[in-house]
Amino acid sequence: MWLNPEEVLLKNALKLWVTERSNDFFLLQRRRGHGEATSRITGLLVGALDTVLDSSARVTPFRILLQVPGSQISWVIASGAVIEEVNKHWDWLVHNLLHSLSVFENKEDAASFVKGKVKGLIAEEVRSRQAAQEEDPTKFREALLKFERHFGLPSSEKLVTYYSCCCWKGRVPRQGFLYLSINHVAFYSFLLGKEVKFVIPWAEVTWLERVSSALMTEAIRISTRQRQREFSMFLNLDEAFGVIGQLVDIALRRLLDSEGLELDQTLQQPARITKRVLEEQALRDYVLALFRLPRAEKLHEVVSCSVWTPHARCHTAGTLYTTDSYLCFSSREEGSCLLLIPLSEVLSIEKAESTSPLPNPVIVSIRTKKAFQLIELQDRDELVESMNSRLRALHWKQSMFRRKKDGRRSVRSPTPYYTFYYDTACSDEEEVEEQVLRNTVNSEALMTAFQHNQPGTNGNKSMEPVKERLWEDHFSEFGRGVHMFRTDKIQRLVAMGIPESLRGELWMMLSDASSELESHQGYYASLVQKSMGHSNLATEEIERDLHRSLPDHPAFQNPTGIAALRRVLTAYAHRNPKIGYCQSMNILASVLLLYAKEEEAFWLLVAVCERMLPDYFNRRVIGAQVDQSVFEELIRERLPELAEQVPDLSTLSSVSLSWFLTLFLSVLPFHSAVCVVDCFFFQGIKHIFQLGLAVLDANSAQLSASTDDGQALMILTSFLDQVGNEESPCVPSSPPAAEESSCGDPDVPAVGHMNITDLINESFDKFGNLTVRHIERLRCLHRVQVLQAHEDTTKENTLRVVTADVSISPENLSDIYDLFKTEHFISLYWGDRSSAAAAEAAAWQYRDVSNRSFVERQYRLDRPQFKSLYALLAPWPAGANQHTDTLANRTFTLLDPDRSNLVTFKEFANWLDTLYSEELNEKIRLLYRLHIPPALTESEDDPSLMKSPLVSTNRPLYVNLPPAGFPDGEDEVKDYQDQMKQMLQDLAKEKEKDVEKPLPLMNQREFIQFCKTLYSMFHGDPGENDLFQAIATVTSLVLQIGEVGHRGQSSGSEVGSQEEAKAAGSKQVTAADGSSGDGSLAADSEWTVSYAQILASLLTEQALVNFFEKPVDLTAKIAEAKENQYQQRASLLSAQQATR
């Protein structure tokens, strides 16, 4: 295959390679030891070296080198594993390039020509490879070429797919093509000589929806903060809408500061994203959500089949999904029959004899001496072989784990104890007792020792034996364990409430936390041991919330329960530092500990936080907010009358936030809430949506009549307080006084008692047709809206912090923020990820060691990004030249005092504010600071500047000297001396002002750089000549001031007296033409001037004062930057990628 040209030394190459064919420019070489008939010692050594190296470091045995005659440096341009492949490349080079190279006089130019050709061949191969993955490679290749030609984006901007459609501009449709790439959506149309094209970054999309109107039967509307675009007349609108939604979702999760949003590794590598990958990913996300599998599971096979269901005494048709560790079956009607078989439970997967009634059968045998029969499997042989290979790998892994565990068990005590260190006020005996309680892992559920004896619960255990018998009958018919058939019948049993004796077992089974526990024996104990004695933000928050977790339950009024809760929460925070600890986890963990053993409770918490409620428990609870937005959408879909009566549904969704975060545990009476948790482990988040809709439906009349948010909140709170169950009548969670006052409120209608089982069954009956697939689609869309809302909030907070410190108008500051953010994104799209993105990723860790606030760290630019924005927004120097780049480098160094190689928006805005809004003296101060350390470094300048100054300071200065023979020349000299005296007095005053923030003195080398900057600033200005003359005058004046100071220091006298000023002014003028002095000082390092002296000198020239005080239109500069930023950066990055 062709390779990007890489340099090699020919003399080293000959030691390990043998040349097979050669000409003036190319060499075909074979690796020593490969294909040799005789076993020479050199070949054996090289062969041994290649064998020892791992697969990623091994060298292909054949290669082609590009060589320049007379040079020892060559370039590898092609390689191959077989000689036939390399011979094809060799023949192509000989027939197509070799004759053309003879016309080059300069051999280096010939080499550059070949390297360019090879890079072109590689790009062509990439296009062909990408096109080959599509259904119609030829058409996709044509579309790819058009995409590159029309929009001029860098080659790394990968096209995913394209659609023919119409873009509506008012009432006028424009027929063209919609191109979807990894970072952008682009449209191009050319009709009747009129061209329409635009590019929208996915990161700017705020909402995506399907709309209909009189003109458009159905269209896709893409909304940004600036405008809306509508596209219609798709051949397959459903497919296009799904792909667009996926790409927006992936881009925002990848680019924005998501604080732990889970994203598959394949999608984190944009170059690997194709339309086929998106389709596979959408299916994988659906399967993971339907069966609530671990996020790391990969989907392997999806095949139609039928499974023998003993309870129905027939084969049930559906789909088999195989992943790394599971076999999953779902009937055609989602939810009517589900089967989950962990491979860890499987003993064998075998093919059976195919018959007419049972075509292509496969038998899956499990440990409990049961077997499942699957029939009508397509490509049965390949499927069984693939599943068996994963099964063998899993069995080998389990056997290795058991050996290690058996080896450790012999040296461990059977009962684990862990040492924790806490300050207590107990006596020694009490402390020891407390220590044992804290450090002993509970082997039983807390409910076995602590009963929640609420008033009215005595004698209510009569239903427990009945429910237990019902469950035993169910187990005998449907199976027991993770691989139990899950049908509508179990739904009714769960709605009644799982009996306490089976609750822990069924929670473990329904969530499949039991498989995690079995495959990670001893993991929890090791986590507890590792996390002991650690103190961080998470442990502090855990300690603060321990006694707030079910405070009315006796289990958590006891040190035993508190210690168990502490261990579970601390161990999880140690396991998953990205989440750490989030409020509401304590309530959930408390309930889990009541009904499950401590280690089981830990794995249940893992299942909830990482699989069943993804992205819920992080710093910004993104997942919960997404589901609130989805809940609003479902209210509009399923309760349209309520949505019509209550236009603003945000109140209802905000009230429901605690429903989702705590699974109704914080709003329902305890025994009723536990029934909700039962259903949650059976159906997942789908049940919480259903139950939430049922609660609103039951109160729709009162909510429609409510007049304010407070009344709506009271209606829902009163209703939920009255939801009881058959075993325990409702016990109000609020104090009696509060209850009386609420009941006495005439605005809140009285709500009768409602049974939790009836409410759950009602939610099944009315909203049971809500599917996981529909929820996942809505989540994908609404995640975009939630993430963009967070972006808007972050921007508002950032601007609020920065506005107080700058004089830039809020509108301009907002636009500058957008430019700053866009620059960051451009580098993430196409920049060098090894530097900018890596640094930014490190900066985004909210546990960053720096003391910056999150707002300050939201977006930061590295040096190349800053230089790009500098060129767009800086008012001077004018034009793009080398000194502009130098000044941008110095500015970045000055704005990065902590040497993090990143600049915050606040620092950037303050810099711009100085240039555009501050007084003249602050602008000069900034320029002064850019020419002293740390902004000015020795490495950027010519070292010769440090050895001999370009200007001699021995020359006396005269400002505005009259022409020769002018009679009043002496008076002019006196005027100059008076000016010098006044200037020195002004300097003394300026020094007093600078007492608080004194600036270091500037030496001669630094002052020369300062002058160079001033000259570059004036280039191209209309008053260029006057400015150059003025700066020449000021330069001479400052040089003389520095000389006066230097001589004053050497003589031990103070600078500033009138006599020394006169002495400085009475020096001979003959040195002005360079004939006097040697052009250097005895001690250049002692020549210094201050900021105040330079400022005072500049103020003497009105042309300079006018230049620095001339207002610059920042609004126009920003508008120009917006126009040019994208295309300028894209062109630059394209050029950089082409030269690599």
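Everything quoted here is computed from the prediction, not taken from an experiment. (Residues numbered from 1 in each chain as written. Predicted model: local features only at pLDDT ≥ 70, side-chain atom pairs only at ≥ 80, totals over all residues. Heavy atoms only, no water.)

(A) Main features of the overall build of the protein. Secondary structure assignment for the protein yields 44 helices and 26 strands. Counting every position in the protein, which comprises 1140 residues, the buried fraction comes to 51%. Once local pairs closer than 6 in sequence are excluded, the contacts in the protein between residues at least 24 apart make up 67%. When the accessible surface of the protein is totalled, it reaches about 53600 Å², and 51% of it is carbon and sulfur. (Helix = DSSP H or I, 4+ residues; strand = E, 2+ residues; numbered from the N terminus. Buried < 20%, exposed > 50% of the residue type's maximum accessible area, 1.4 Å probe, protein only. Contact = heavy atoms within 4.5 Å. Areas by Shrake-Rupley, 256 points an atom, 1.4 Å probe, with all protein chains shown as cover.)

(B) Up close: the packing of aromatic side chains. Enumeration according to the criterion identifies 46 aromatic pairs in this entry. On the numbers, 5.2 Å between centres and 25° between planes, the contact of W659 with F664 is stacked. Both residues of the pair, W659 and F664, count as buried. The interplanar angle of 70° and the centroid separation of 5.8 Å between the aromatic rings of Y928 and Y1091 together place this pair among those described as edge-to-face. Note that Y928 is positioned in helix 36 (residues 920-929) and Y1091 in helix 42 (residues 1091-1099), a separation of 163 residues in sequence. Of the two residues, Y928 and Y1091, neither departs from the other in class, the shared state being buried. Ring pairing ties together the aromatic residues Y817, F820, F866, Y870, F892, F905, F908 and W911, which thus form one cluster. It is R63 that lies over the ring of W17; its NZ or CZ is 4.0 Å from the centre. Here the basic side chain of R210 rests over the ring of F241, its NZ or CZ set 5.5 Å away from the ring centre. (Phe/Tyr/Trp six-rings, centres within 6.5 Å; stacked < 30°, edge-to-face > 60°. Lys NZ or Arg CZ within 6 Å of the ring centre and 35° of its normal.)

(C) Fine view of the side chain of S365. Assignment of secondary structure puts S365 in strand 18 (residues 362-366). For S365, a relative accessible area of 18% gives the class buried. The residues contacting S365, other than those within four sequence positions of it, are E345, V346, L347, S348, K370 and A371.

(D) Up close: the sheet that holds strand 14 (residues 314-323). Within the open sheet, the eight strands sit side by side as 17-18-19-13-14-15-16-20. Their pairing is antiparallel. Taken across any chain shown, the strands that pair with only one partner, and hence form the sheet edges, are strand 17 (346-351) and strand 20 (486-487). Taken together, the ten bridges between strand 13 (residues 299-309) and strand 14 define a ladder with antiparallel strand orientation. Counterpart to V307 in the pairing with strand 14 is T316. (Pairing = 2+ DSSP bridges.)

(E) Examining the nonpolar core more closely. I349, W507, M585, W659, L696 and F908 are the most contacted members of the largest nonpolar core, which has 278 residues in total. A per-element tally of this core places helix 7 (residues 237-255) first, with eleven residues. Residues in contact with I349, not counting those within four places in the same chain, are L327, L343, V362, I363, V364, V384, M387, N388 and L391. Among the nonpolar cores identified, the runner-up in size contains 21 residues, and I64, V86, A110 and V114 belong to it. (Core = buried A, V, L, I, M, F, W, Y, C linked by side-chain atoms within 4.5 Å.)

(F) Structural detail: the pairing of strand 3 (residues 26-31). Of all six residues in strand 3, six are buried; the element is thus mostly enclosed. Here strand 3 shows two buried faces, one formed by F26, L28 and R30 and the other by L27, Q29 and R31. Bridging between strand 2 (residues 17-22) and strand 3 involves five bridges; their strand directions are antiparallel. Within strand 3, the residue paired with T19 across the bridge is Q29. The antiparallel pairing of strand 2 with strand 3 creates a hairpin that spans three residues between the two strands. Of the pairings in the sheet, the one linking strand 3 to strand 4 (residues 62-67) comprises five bridges and is antiparallel in character. When the bridges of strand 4 are listed, F26 appears paired with L66.

(G) Layout of the pattern of salt bridges. Tallying each qualifying case throughout the model produces 38 salt bridges. Ionic pairing is found between D285 and R284, a salt bridge with its closest N-O pair at 3.7 Å. Taking the shortest distance from any N to any O, the salt bridge between E922 and R925 comes out at 3.9 Å. Taken together, the residues E922 and R925, both in helix 36 and three residues apart, mark about one turn of the helix. (Salt bridge = Lys/Arg side-chain N within 4 Å of Asp/Glu carboxyl O.)

(H) Examining helix 25 (residues 685-698) more closely. Under the 1.5 Å per step criterion, the end-to-end length of helix 25 is 20 Å for 14 residues, consistent within 8% with the ideal 20 Å. Along helix 25, twelve of the 14 residues are buried, which leaves the element largely enclosed by surrounding structure. Among all positions in helix 25, only I685, K686, H687, I688, F689, Q690, L691, G692, L693, A694, V695 and L696 are buried. (Expected span 1.5 Å × (residues − 1).)

(I) Layout of the packing of helix 17 (residues 559-575) against helix 18 (residues 585-595). Viewed as axis vectors pointing N to C, helix 17 and helix 18 meet at an angle of 125°, and their least axial separation amounts to 10 Å. Classified by the angle between their axes, helix 17 and helix 18 sit oblique to one another. The interaxial crossing formed by helix 17 with helix 18 has right-handed handedness. Contacts between helix 17 and helix 18 involve A564, L565, V568, L569 and Y572 from the former and M585, N586, A589, S590 and L593 from the latter. Split into classes, the residues belonging to the contact of helix 17 with helix 18 amount to eight nonpolar, two polar and no charged. (Axes fitted to C-alpha atoms, helices over the stretch in contact; angles between N-to-C directions. Parallel < 35°, antiparallel > 145°, perpendicular 65-115°, else oblique. Left-handed = near helix turned anticlockwise from the far one by under 90°. Nonpolar A, V, L, I, M, F, W, Y, C, P; charged D, E, K, R; others polar.)

(J) Examining the sheet that holds strand 12 (residues 228-232) more closely. Spatially, the seven strands line up as an open sheet ordered 9-8-7-6-12-11-10, and their pairing is antiparallel. Each having just a single partner strand, strand 9 (194-201) and strand 10 (205-211) make up the two edges of the open sheet. Neighbour to neighbour, the strand axes of the sheet diverge by 30° on average, direction disregarded. Bridge count for strand 7 (residues 172-181) against strand 8 (residues 184-191) is four bridges, and the pairing is antiparallel. Across the sheet, F177 pairs through a bridge with Y188, a residue of strand 8. Where helix 6 (residues 137-151) meets the sheet, its contacts fall on strand 6 (159-169), strand 7, strand 8 and strand 9, and the angle it forms with strand 6 comes to roughly 65°.

(K) Examining the environment of R899 more closely. On the secondary structure map, R899 appears in the loop between helix 34 (882-895) and strand 24 (903-904). In this view, R899 contacts T893 and P934; residues no more than four positions away in its chain are not counted.

(L) Structural detail: the environment of S79. Mapping S79 onto the fold places it in strand 5 (residues 73-80). When its relative accessible area of 8% is taken as the criterion, S79 is described as buried. Distance in space between the C-alpha atoms of S79 and F62 is 5.5 Å, their sequence separation being 17 residues. When near neighbours in sequence (up to four residues on either side) are disregarded, S79 contacts M1, L3, T60, F62, R63, E85 and V86.

(M) Representation of the packing of helix 12 (residues 488-496) against helix 24 (residues 670-683). It is at 8 Å that the axes of helix 12 and helix 24 come closest, and there the two elements cross at 155°. Comparing their axes, helix 24 and helix 12 come out roughly antiparallel. Our pair here, helix 12 against helix 24, has a crossing hand that is right-handed. Where helix 12 approaches helix 24, its residues I490, Q491, V494 and A495 are matched on the opposing element by D678, C679, F682 and Q683.

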